[in-house]
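What the coordinates show
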Amino acid sequence: MSMGRRLPVYLLLDTSGSMSGEPIEAVRQGIKALLSDLMSEPTARETVYLSVITFSSSAQQIVPLTELMSFQEPSLDANGSTAFGDALKVLEQCMDREVVKATSTTQKGDWKPLVFIMTDGQPTDSWESVADHIKQKKLGNVIACAAGPGADENMLKKVTELVVKLNSLQPEALKAFFKWVSDSIKTTSQSVAQVAADTPIGLPKPDPNNMIIVL
Amino acid sequence: MGFSPEQLIRIIRWKLGIPVDKDYRNLPENWKVLSNSSMYKDFASNISKCIAYILEMGIRVRLSPTSVTDGSEEDISFFNSLWASVAQWVLVNETKRSPRVTRKIYRVLFKSLPVSSHGGGPSGLAVYSGTSTKSPLHSPGRPSKEELLKAIRWKLGIPVEKDNERSQTFWSRFAIDPSCTDIVYKVAQSIAEMLEEVIIYRLELLADHSDLLADLAANSEGMEHLDSLWECFVQWLHADEARRSPRVNGEITRAVTRKTPSADPTSSQQVSRVATEMYNAASKYASNLQDKFLSPKDERSSGQMASTISKHGAATITPLKSYQKAHELPGLSNAPDSSHQPRRIDVTSATKEIPDIRATMGEGRQGRGETSSIETETPAPIIPSAPQTVKTEAIPPVSAEWRYLPVPEGPDKHPEFDARAMDSIEGFKLIGARARGKKHKHDGTNCDDWFQFCSVGDWTIIAVSDGAGSKKFSRVGARAACETAVAQLALQLENHKINFRDSWTADTLRRDEATGIFAEADLDVVQKALHNSMQKAYEAVERATAERQNSLDHFQVLGRRVEVRDLSATLLLSVHTNVPIQNGVTSLVFSCSIGDGMIAVIDKNGVSRLLMTPDSGQFSGEVTFLTKKEVQPDRLLNRTFVFLGAIRALMLMTDGVADDYFPNDPGMSRLYGDMVLNQVITLGGILDSDIAAALQKTMLYGQNEVAKAEFHSIVETLTNKDPAKVRVRSTTSYSEKLDVPLSDVIASPALLIAGSQGEPMCDETLPEEKLRVWLDSYHIRGSFDDRTMVVLYREVLP
């Protein structure tokens, strides 16, 4: 039977060694909170499909694009380096494979996808040309988060215009970030239908104690 | 299930009869979902323990044998006023107390007392030191339990009829007995247990507590009285809400929000962890309190005690409003001060009806009158929401959260619905309907769709428009565009006739490759009229914007002056005429569109022919709108289509409908089938015998079998009135039951008619109203946009 169009949401998360301990636990909690938050908003619940890609020494899609009701939280381990370039490559591959374009005549096209990238440090592999490619490609609305003092927001600007910075990797900061991610998704899910192609995405204001939008 | 912690708390509060804020609407539905989920029992048990624990602490503090040291004022008044409510309850129920409750209370108090009834024996009680008075518990000849009972009652502020002084004295001695603390604990625990029973009863957990059930069965008024205890607790809770100890508030909130339940509905552990956290928070708070109030007794001289007490004063309790001002309950001091006698609580102002609980169980406060003199918020009427499961869907109901908010007051308020009909010319009926989508109902915003049609000269003219979801006044643009486009087309086509031709071929419909102009002049007139109307429609949108430039209302909504882009909308246009051919007439249809949605013709065989290619970007939702650029003729050429042939129907719709019949080829045929099956389109001109003959070749070989077959679902419309139950039939299911391919079913008017017989889809009788109801009701997950359709159709098929 007919089903509505999907809003694909990709989380691209840094699970390098520096995230181990409290930060990665806060990320886990953040994902749980995100899920429950989205489930409580009807438009999000009926449209959001979520995928999680993690990267440390290499990148992998640990949860394929799945509807919210079936989503199982992944277990997350933090160790290794920061293969950001690999992460972007895997992101592109997954999206090419999973996202349905509107031009398809057999499947209902997805709404414009949302991508949230979070990293706490410097990339350890070659990533610049992949980043350029991603920026050109227009995968959807890509938002990058430089988490903590070790992350470089200018680096992330090469991937997308929409960059936010987290003050720290403290649990409160990460919690605030995931709440903001959830609010962004909910806002997007409420206004998916009929947006002019180049309308900039309306993002909610972040909690100024923990996050700023990098201009 | 996936409720957030805040929601869980609200649902439980509502269920326990504690007033919640005004948005009650979804709570009954949410309760059903919550109480049916697998983790509910653990969660509810933990909640009930937690709440009972708080009360227990209140009692303990009250009965504290030590003086107040440095507890905060609000902590003291918190527990004091809590206890005052309980005391009130006890008194009110004094004369009406059921044997069961009486037994329970006595059992509680007796259980707590380690002494034997003979008054002698040292079990658990040490002999006093420091005073020359023997332990009152050892007073010869007196049944010490009774004495203690009275003393406790006195101390708890429950008036004792006589022997107040005696009780007081007794208490002051008991207070320094080493066993006192222990006894106090037990008393507090037992009374709290009673409260827990009430919560268990209210949260519908009785089934798991067979002892309690049996007990209640033996004594039917028992629960009513306990329940009225709960009422007191609730009143206190509500009255004290603003003044309640910030520590309690903080601890509980923190515990609940720190860990949120998993979205996985089967993970009962995670959710009960929330409740356990709450319980732990209460315990932690309680033990902090204990450290403060229940510190190891120092053997102070009465002089020292006196000075400590005067430091705090007799803790005056803010009485509940139902009490008369004169009253003071004993403070948290145990000074042997006769001025602290508990006075009789004025019962008259406190009496209230004990509501008939059984009748209203399951509805929380709903259905009860105002039962107390405490100002509580009158709950808003529960507004039914949530369309129910659609049978044909494998996915469980996901619409439990959708709510209904009416169309808001404000500039350019549009009617929520529209349904109109017109008798067209020469054998066609014309109907149109529009319904506000679930998303707009949920958000309390306007419907953004519009439609318009008319019939002039030889022509039927139809326009449908969908305002941009993200633009605040797009509905204004939609309406202006439709009305102007139709008026303009009417003007230009009123006197226009299509010439007679011996034969029509593909060549007749030819257009010049470069310019797009029709080779046949009479056809080109129509194309020009369409393009002209697009332009005029855009100009109308500009005019509508200009008219609102200086409107304060509009300025306030946007935070700036209104601009054309705030009225962005799509526009779908189509015109129809009968053209004379050799042996009669056939249909000629032109269309022109900007944006998404669909225009389709259903030909005589039930096959759909699409008359537009929806504008789309790379992703769904990236739509083109009516703009100055898009209405230029060169931009419109590729958007203009023509069709010649016998048709069953011409349909125009916004994407709220089109998306639900994707892919539109052949989805539009299925939509036509659904229109017939759901009695919106009534087909005639087929003999009953032909219908019977057609059925015989299928798995449902007669009308009786069709009647018994289930190819429908019952859906409830999302509304703030009594929701209509709508019987939505599905062509797909029907064809499965018939075991006939979908396209064959649609090709056969006989089969379609057979499927439409029987129970009515809804209560409406007019076709346009039926269309409106169907649009407003059918449920598909992820489909929550406004729905608009205009259909030009034959009742007797060519």
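Throughout, a residue's number is its position along its own chain's written sequence, starting from 1. Lettering for chains starts from A, numbering for ligands starts from 1, and both go in the order in which the items are written. In view of the model being predicted, local features appear only for residues whose pLDDT reaches at least 70, and side-chain atom pairs are presented and counted only at 80 or more, with totals across whole chains, interfaces and linings using the full set of residues. Values shown for side chains rest on all heavy atoms present in the structure; no hydrogens or waters enter the calculation.

A word on the overall build of chain A
- Strands here mean DSSP runs of E at least two residues long; helices mean DSSP runs of H or I at least four residues long; both are numbered from the N terminus. Helix and strand content of chain A: six helices and seven strands.
- In chain A, the succession of helices and strands from N to C terminus is β-α-α-β-β-α-β-α-β-α-β-α-β.
- Burial classes: relative accessible area under 20% of the type maximum marks a residue as buried, over 50% as exposed, and values in between as partly exposed (1.4 Å probe, protein chains only). Counting the 215 residues in chain A, one finds 61% classified as buried.
- At a minimum sequence separation of 6, the contacts of chain A that also span at least 24 residues come to 73%. Throughout, a residue-residue contact means that at least one pair of heavy atoms, one from each residue, lies within 4.5 Å.

Notes on unusual backbone geometry
Residue and element names in this part refer to chain B.
- Look at the link from F662 to P663: it is a cis peptide, with omega at -10 degrees.
- Structurally, the position occupied by P663 is in the loop between α20 (655–658) and α21 (664–677).
- Backbone geometry at D739 places phi at a positive 60 degrees, although glycine is not the residue there.
- Here D739 shows up in the loop between α24 (731–738) and α25 (742–747).

Considering the pairing of strand β5 (residues 571–581) of chain B
Residue and element names in this part refer to chain B.
- Here β5 lies mainly inside the structure; nine of its 11 residues are buried.
- Think of it this way: DSSP has to see at least two bridges between two strands before they count as a pair. When strand β4 (residues 459–466) meets β5, the two strands line up antiparallel, connected through six bridges. Across the sheet, the residue bridging to V464 is L572, located in β5.
- Where β5 hands over to strand β6 (residues 584–594), the hairpin turn is made up of two residues, counted between the paired strands.

What to know about the sheet that holds strand β2 (residues 428–435) of chain B
All names here are of chain B.
- Strand order in this open sheet of six strands is β1-β2-β13-β10-β7-β8, and the pairing throughout is antiparallel. Every interior strand has two partners, whereas the edge strands, β1 (418–423) and β8 (608–610), have only one. Taking the axes of each pair of neighbouring strands and ignoring which way they run, one obtains an average angle of 15 degrees across the sheet.
- Where strand β7 (residues 598–603) meets β8, three bridges bridge the pair, whose relative direction is antiparallel. By the bridge assignment for β8, I602 is matched with S608.
- Lines fitted to the C-alpha atoms define the axes, with helices restricted to the stretch that makes contact. Angles between their N-to-C directions range from 0 to 180 degrees. In this fold helix α27 (residues 767–777) packs onto β1, β2 and β13 (787–794), with an angle of close to 35 degrees to the strand it touches most, β2.

Quick notes on the packing of helix α22 (residues 688–696) of chain B against helix α26 (residues 749–756) of chain B
All names here are of chain B.
- Relative orientation of the contacting elements α22 and α26 amounts to 95 degrees, with a least axis distance of 8 Å. Relative to α26, the element α22 lies roughly perpendicular. Together, D690, I691, A694 and L695 of α22 and A750, L751, I753 and A754 of α26 make up the contact between the two elements.
- For this classification, Asp, Glu, Lys and Arg are treated as charged, while Ala, Val, Leu, Ile, Met, Phe, Trp, Tyr, Cys and Pro are nonpolar and the rest, including Gly, are polar. Its residues placed into classes, the contact of α22 with α26 shows seven nonpolar, no polar and one charged. Any angle between 65 and 115 degrees counts as roughly perpendicular, while under 35 counts as roughly parallel, over 145 as roughly antiparallel, and the rest as oblique.

Re α27(B)
- With 11 of 11 residues buried, α27(B) lies mostly within the body of the structure.
- Buried residues of α27(B): P767(B), E768(B), E769(B), K770(B), L771(B), R772(B), V773(B), W774(B), L775(B), D776(B) and S777(B), and no others.

Topic: the packing of aromatic side chains
Residues and elements named next belong to chain B.
- Note on ring pairs: Phe, Tyr and Trp rings are taken, using the six-membered ring of Trp, and paired if centres are within 6.5 Å. Classes follow the plane angle, with under 30 degrees stacked, over 60 edge-to-face and the rest tilted. With the rule as written, the count across this model stands at 10 aromatic pairs over all chains.
- Pairing F518 with F590 gives two aromatic rings, centres 5.8 Å apart and planes at 70 degrees, and the pair type is edge-to-face. Here F518 is found in the loop between α16 (474–493) and α17 (521–547), whereas its partner F590 is found in strand β6, with 72 residues between them in sequence. Each of the two residues, F518 as well as F590, counts as buried.

Regarding the nonpolar core
Residues and elements named next belong to chain B.
- Ranked by size, the top nonpolar core spans 72 residues in total, and within it L671, Y672, Y734, W774 and M789 carry the most contacts.
- With residues near it in sequence (within four places) discarded, L671 still touches M651, M653, V657, Y661, W774 and M789.
- In terms of nonpolar packing, the next biggest core, distinct from the first, is built from 47 residues, I461, C482, L588 and V631 among them. What we call a nonpolar core is a set of buried Ala, Val, Leu, Ile, Met, Phe, Trp, Tyr and Cys residues that are connected through their side-chain atoms within 4.5 Å.

Side note on the sheet that holds strand β1 (residues 7–14) of chain A
All names here are of chain A.
- The seven strands are arranged β3-β2-β1-β4-β5-β6-β7 in an open sheet whose pairing can be described as mixed. The sheet terminates laterally at β3 (59–67) and β7 (211–214), the two strands that pair on one side only. This sheet shows a mean twist of 20 degrees between the axes of neighbouring strands, independent of strand direction.
- Across the sheet, helix α1 (residues 22–39) lies against β1, β2 (48–55) and β4 (114–119), angled at about 170 degrees from β1, the strand it touches most.
- Its contacts with the sheet put helix α6 (residues 171–190) on β1, β2, β4, β5 (141–147), β6 (162–166) and β7, and the angle it makes with β4 is roughly 170 degrees.

Brief notes about the pairing of strand β10 (residues 647–653) of chain B
Residue and element names in this part refer to chain B.
- Burial within β10 is extensive, with seven of its seven residues counted as buried.
- Across six bridges, the pairing between β7 and β10 is antiparallel. In the sheet register, D603 faces β10, and the bridge partner there is I647.
- In the sheet, β10 pairs with β13 via five bridges, with the strands oriented antiparallel. Opposite A649, over in β13, you have Y793 as the bridge partner.

Quick word on the confidence of the model for chain B
All names here are of chain B.
- The quantity known as pLDDT measures the predictor's confidence residue by residue, on a range of 0 to 100. For chain B, mean pLDDT is 72; residues scoring 70 or higher make up 58% of the total.
- In this model residues 112–143 is a low-confidence stretch, pLDDT under 50, and it forms 48 contacts with partners more than four residues away in sequence or in other chains.
- Across residues 254–272, confidence stays below pLDDT 50; counting only partners more than four residues off in sequence or on other chains, it has 43 contacts.

A short note on the environment of L88(A)
All names here are of chain A.
- Secondary-structure assignment places L88 in helix α3 (residues 84–98).
- L88 gets classed as buried once you look at its relative accessible area, which sits at 0%.
- Each C-alpha atom, one on L88 and one on W127, is 8.0 Å from the other, the two residues being 39 residues apart in sequence.

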